[in-house]
Amino acid sequence: MIAKVASLEKVSKTYGKDNLIVKALDSVSLDIFEEDYLAVMGASGSGKSTAMNILGCLDRPSNGQYKLNGNAIENLSDNELASLRNQKLGFVFQ
């Protein structure tokens, strides 16, 4: 059986405060399984970089949940997130 390694569940990310709120992601759900290849494509301003920053543990969702290997990342310390980035994650940038 192929294992689920990452899961976004209704993840949203907002920036700003007061009347200057920008929704970079709005309730995105995604499952990534072992051996999957993933390409993130879309128009400028569509949330690609924000989604990748969350998937790469560089940022945390404003709402929703991100699980990596079954562990919710919002429960991890900055040091634990740094260790995950060092040991488990990688990106190929354009």
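Residues numbered from 1 in each chain as written. Predicted model: local features only at pLDDT ≥ 70, side-chain atom pairs only at ≥ 80, totals over all residues. Heavy atoms only, no water.

Considerations on the pattern of salt bridges
Selection rule: By convention in these notes, a salt bridge is any Lys or Arg side-chain nitrogen within 4 Å of a carboxyl oxygen on Asp or Glu. Numbering of helices and strands starts at the N terminus; helices are DSSP runs of H or I of at least 4 residues and strands are runs of E of at least 2.
In total, this model carries four salt bridges according to the counting rule given. Between Asp59 and Lys13 there is a salt bridge; the shortest N-O distance is 3.2 Å. Residue Asp59 is located in the loop between helix H1 (48-55) and strand E3 (63-68), and its partner Lys13 is located in strand E1 (residues 4-15); the two are separated by 46 residues in the primary sequence. Between Lys23 and Asp26 there is a salt bridge whose closest N-O contact spans 3.8 Å.

Focus: the sheet that holds strand E2 (residues 22-33)
Pairing between the strands of a sheet is mediated by backbone hydrogen bonds and can be parallel or antiparallel. Quick reminder of the rule: In this scheme, strands are said to pair when DSSP sees at least two bridges between them.
Read from one edge of the open sheet, four strands run E2-E1-E3-E4, paired in antiparallel fashion. Taken across any chain shown, the strands that pair with only one partner, and hence form the sheet edges, are E2 and strand E4 (71-72). Strand direction decides the pairing type here: E1 and E3, joined by five bridges, are antiparallel. Each residue of the ladder has a partner; that of Glu9, found in E3, is Gln65.

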